[in-house]
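Observations on chain architecture
So you can see what is in the structure, the chains are spelled out below.
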Amino acid sequence: MTGTAITKPKQMRKQSNLILYVVCILLAVLAIFPFYVMFINATRSTYEVQAHAISLFPSSFLANNFKVLSDKSFNAMTGFVNSLIISSGATLCAVYFSTLTAFALVAYSWRLRQPFFTFIMAVMMIPGQVTSIGFYQFMYKLGMTNNFLALILPAVAAPATVFFMRQYMMPALSLDMCASARIDGAGEFRIFNSFVIPIMMPAIATQAIFTFVSSWNNLFMPMILLTRKENATMPIMVSWLRGDIYKTEYGAVYLALAMSVLPLLIVYFVLSKYIIAGVALGSVKE
Amino acid sequence: MQMTETSPARKIKGVSYAKYGYMFCIPFMVVWLFFSLYPTIYTAIIGFTDLKGAATRTYKFLPDLFANYNAILSNATFQKSFVNTLTLWIINFIPQICLAMLLAYWFTGRRRDIKAAGFFKVMFYMPNIITAASVAILFNTLFGYPFGPINDILKSLGLRSESYNFAYSPWASKLIVSFIQFWQWYGYTAIILISGVLGVNPELFESAEIDGASRGQTFWKITLPSIRTILVFTLITSLIGGLNMFEVPKLFNNGGPVNETSTVSVFIYNQAFSGTYQYNRASAASMIMFIIIAILSSVVFYLMRDRYESAQKKLARRAARSGAIAGQARKGAAT
């Protein structure tokens with residue numbers, strides 16, 4: 001009786017450890033497999049893909065596939081640059097002004113401070129997408145469709161980022177040091193720029209990554225606002241791949257997808273440690 | 001919520017700094033009013049008018065103000081899209097939260113040291129960061145007919161003798177769209193739950209162990225109740241995201257076959273930006289979703305507020321007991 005009671009849990013743990021690793025490895029394979037097929041097939045000709053859609057090794061048609069894309073005026077560089085401009089602009093606006101707003105919430109006592117914070121929390125979850133029709137009509141009236149500013153400026157008001165920045169700033173910012181900087185003759189805006197921003201750098205980096213990625217990946221808003229071909233972002237260009245002219249160009253479609261995914265994968269693997277920590281932090285701080 | 005008043009920030013030599021509080025919020029408020037509040041009101045107004053047509057910019061109010069709303073609510077495609085949205089969300093969320101809980105259970109085990117835990121987390125989260133548009137097109141190609149990789153595998157394994165056209169089957173399309181959502185989001189949910197469990201007071205687990213609780217018992221009786229708020233939070237934020245599902249159903253199969261994977265966002269997009277450009281109908285549909293989402297997010301709001309208040313009360317009690325200084329309470333209130 002006592003013998004089994006001791007050995008049984010050990011056996012069970014061994015068994016469940018095995019299941020754990022099998023499941024985790026399967027999930028890892030599941031995460032990589034689609035991208036693996038994509039990268040390999042980006043180097044293969046349409047004929048090769050038709051014969052065998054899965055291959056272990058790359059082929060030699062990369063340049064060929066690239067030529068097919070350029071012939072169809074699929075210029076990945078345009079999309080890349082447009083996405084880069086919009087995402088960088090939106091990220092700068094979001095982190096700078098969110099930190100400034102958080103500073104107002106943490107460092108100063110003003111009568112509407114608490115109501116304002118409650119308001120931030122209340123509007124935090126509402127996604128912009130549900131009011132896109134009014135937004136589009138408004139931008140159309142201002143003549144701002146096909147203007148990148150329509151996608152950059154709204155980032156100044158990012159309630160979730162303000163919320164995060166405030167939570168980070170509360171314990172990190174020493175008001176006494178603000179006060180001594182003040183005695184040294186620094187203005188409030190100077191204090192923010194040269195004293196608060198450096199302290200907030202870890203939080204700014206985290207939020208910058210997430211704002212950048214979500215702006216980069218956004219399809220709905222850019223798709224309704226940017227109607228000119230030369231203004232297309234990367235996701236908009238990807239959406240063209242459903243069109244009939246790509247129906248039989250298997251290799252080229254894989255290559256176009258690979259070009260849209262590769263920059264993100266590189267960024268992800270370089271910053272993965274911070275990204276995972278950032279996701280985890282989001283839940284702790286809530 | 002009581003704020004700690006720290007005197008140096010407030011006034012020095014009679015100078016009031018309150019105005020800077022207002023000043024530094026101006027950019028946020030101005031942009032919010034222009035780019036969030038005004039479009040919301042504008043959408044609501046368009047919902048009561050006759051605005052449609054690609055080139056039309058003038059509109060007048062309808063004699064029956066709620067005509068668009070009635071038309072939308074009785075529109076078969078809208079109803080179908082709404083049901084689809086919920087269906088797609090449910091068949092992705094249930095396995096997602098179950099897998100995330102299992103992973104949280106495994107990755108927070110106190111006795112178990114998982115090799116390469118960091119590597120696994122990086123792998124699980126990876127799909128989340130990749131553009132949903134690219135992912136949708138990629139899966140469309142992977143499940144392609146007749147020359148897609150999945151059909152290739154099925155035939156090589158001898159599971160099928162001929163290629164299967166996934167895009168023609170309503171349920172295959174639904175399952176694949178849900179699977180993509182699941183695949184993109186389970187890693188995120190798992191990381192949130194793992195850090196939630198790691199945030200639970202370790203003393204709770206220790207005392208459970210001393211009392212002789214099994215790992216299963218500890219999980220069901222201690223871990224789950226402790227992360228209840230995070231679970232509800234995950235549920236509602238995922239539901240709000242699910243109600244806005246657009247890229248994957250739009251690009252995987254363009255809402256098809258025959259609207260079988262059309263979601264409300266796809267419906268709104270198609271109403272407003274293709275065919276007859278029915279901005280008024282699309283606005284009415286948007287406002288219906290807006291109201292549902294506003295109700296859901298108010299639940300999140302109260303949850304978070306309650307959490308603050310209880311955290312604050314706990315801190316106040318602790319502070320009173322140990323006579324700690326207010327500065328510490330302020331520090332604690334942030335976490």
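The structure presented is a predicted model; accordingly, all values stated were derived computationally and were not measured. (Residues numbered from 1 in each chain as written. Chains lettered and ligands numbered in written order. Predicted model: local features only at pLDDT ≥ 70, side-chain atom pairs only at ≥ 80, totals over all residues.)

1. Observations regarding the overall build of chain B
When helices and strands are tallied, chain B shows 15 helices and 2 strands. Taking all 335 residues of chain B together, 39% fall into the buried category. (Helix = DSSP H or I, 4+ residues; strand = E, 2+ residues; numbered from the N terminus. Buried ≥ 20, exposed ≤ 12 C-beta atoms within 10 Å, placed from the backbone.)

2. Details of the overall build of chain A
What chain A contains, in helices and strands, is 14 helices and 0 strands. Mapped from its N terminus to its C terminus, chain A presents α and β elements in the order α-α-α-α-α-α-α-α-α-α-α-α-α-α. The C-alpha radius of gyration of chain A comes to 25 Å, more than 25% above the 19 Å expected for a compact globule of 286 residues. Dimensions along the principal axes, computed over C-alpha positions, put chain A at roughly 80 × 75 × 35 Å. (Rg over C-alpha atoms; globule rule 2.2 N^0.38 Å.)

3. Quick notes on the interface of chain B and chain A
Note on interface size: it is often stated as the accessible area lost on association of the parts. With 86 residues of chain B at the interface, the matching set in chain A holds 80 residues. Sort the elements by how many residues they give to the side of chain B that touches chain A and helix α2 (residues 18-46) of chain B lands first, with 18 residues. Grouping the constituent residues of the side of chain B that touches chain A by class yields 61 nonpolar, 18 polar and 7 charged. (Contact = placed C-beta atoms within 7 Å. Nonpolar A, V, L, I, M, F, W, Y, C, P; charged D, E, K, R; others polar.)

4. Quick word on the packing of helix α6 (residues 132-142) of chain A against α2(B)
Here α6(A) crosses α2(B) at 105°, and the two axes come no closer than 7 Å. Considered as vectors, α6(A) and α2(B) are oriented roughly perpendicular to each other. Residue-level contacts link A:Ile133, A:Gly134, A:Phe135, A:Gln137 and A:Phe138 of α6(A) to B:Tyr38, B:Pro39, B:Thr40, B:Tyr42, B:Thr43 and B:Ile46 of α2(B). Tallied by class, residues from the contact of α6(A) with α2(B) come to 7 nonpolar, 4 polar and no charged. (Axes fitted to C-alpha atoms, helices over the stretch in contact; angles between N-to-C directions. Parallel < 35°, antiparallel > 145°, perpendicular 65-115°, else oblique.)

5. Some points on the environment of B:Ser214
The residue B:Ser214 is located in the loop between α9 (202-210) and α10 (215-226) in this model. C-alpha of B:Ser214 to C-alpha of B:Glu260: the two residues are 46 residues apart in sequence and 46 Å apart in space.

6. What to know about the domain arrangement of chain A
When the domains of chain A are assigned, the result is domain 1 (2-67) and domain 2 (72-240). Centre-to-centre, using C-alpha coordinates, domain 1 of chain A lies 37 Å away from domain 2 of chain A. (Domains from an automatic or database assignment.)

7. Regarding helix α5 (residues 117-129) of chain B
With 13 residues, α5(B) extends 19 Å between its outermost C-alpha atoms, agreeing within 8% with the 18 Å of an ideal straight helix rising 1.5 Å per residue. Residues B:Phe120, B:Lys121, B:Met123, B:Phe124, B:Tyr125, B:Met126, B:Pro127, B:Asn128 and B:Ile129 constitute the buried set of α5(B). (Expected span 1.5 Å × (residues − 1).)

8. Quick look at the confidence of the model for chain B
Residues and elements named next belong to chain B. Mean pLDDT over chain B works out to 84, with 88% of the residues at or above the 70 mark. Here helix α15 (residues 326-333) stands out as the element of chain B with the lowest mean pLDDT, 42, in contrast to helix α4 (residues 76-107), whose mean of 94 is the highest. Taken together, the stretch residues 1-12 has pLDDT below 50 and engages in 27 contacts with residues farther than four places along the chain or on a different chain. (pLDDT = per-residue confidence, 0-100.)

9. Observations regarding the environment of B:Phe290
Relative to the helices and strands, B:Phe290 is located in helix α14 (residues 279-322). B:Phe290 sits 52 residues away from B:Ser238 along the chain, and the two C-alpha atoms are 16 Å apart. The contacts of B:Phe290, once residues within four sequence positions are left out, are A:Val130 and A:Thr131.

10. As for the confidence of the model for chain A
For chain A, per-residue confidence averages 88 on the pLDDT scale, and 94% of positions sit at 70 or higher. This stretch, residues 1-6 of chain A, has a pLDDT under 50; its non-local contacts, to residues over four places away or in other chains, come to 0 contacts.

11. Describing unusual backbone geometry
Cis geometry marks the peptide bond from B:Tyr145 to B:Pro146; its omega dihedral reads 0°. Tracing the backbone through its elements, the reader meets B:Pro146 in the loop between α6 (132-142) and α7 (149-156). Not every positive phi belongs to a glycine, and A:Asn146 is a case in point at roughly 65°. Inspection of the secondary structure puts A:Asn146 in the loop between α6 and α7 (149-152). By C-beta crowding, A:Asn146 is classed as partly exposed, having 13 other C-beta atoms within 10 Å. Backbone geometry places B:Asn254, a non-glycine residue, at a positive phi of 50°. Within the secondary structure layout, B:Asn254 lies in the loop between α12 (247-253) and α13 (264-273).

12. Things to note about the nonpolar core
Considering soluble globular proteins, one finds that nonpolar side chains tend to be buried as a cluster. Ranked by internal contacts, the top residues of the largest apolar core, which has 162 residues, are A:Phe103, A:Ala256, A:Leu257 and B:Ala136. Counting residues domain by domain, this core receives three or more from each of domain 1 (2-67) and domain 2 (72-240) of chain A. Here A:Leu257 is in contact with A:Met38, A:Val238, B:Ser134, B:Ile137 and B:Leu138, once residues within four sequence places are set aside. (Core = buried A, V, L, I, M, F, W, Y, C linked by C-beta atoms within 7 Å.)

13. Observations regarding the environment of B:Leu73
Looking at the element boundaries, B:Leu73 is found in helix α3 (residues 67-73). Distance in space between the C-alpha atoms of B:Leu73 and B:Ile288 is 9.1 Å, their sequence separation being 215 residues.

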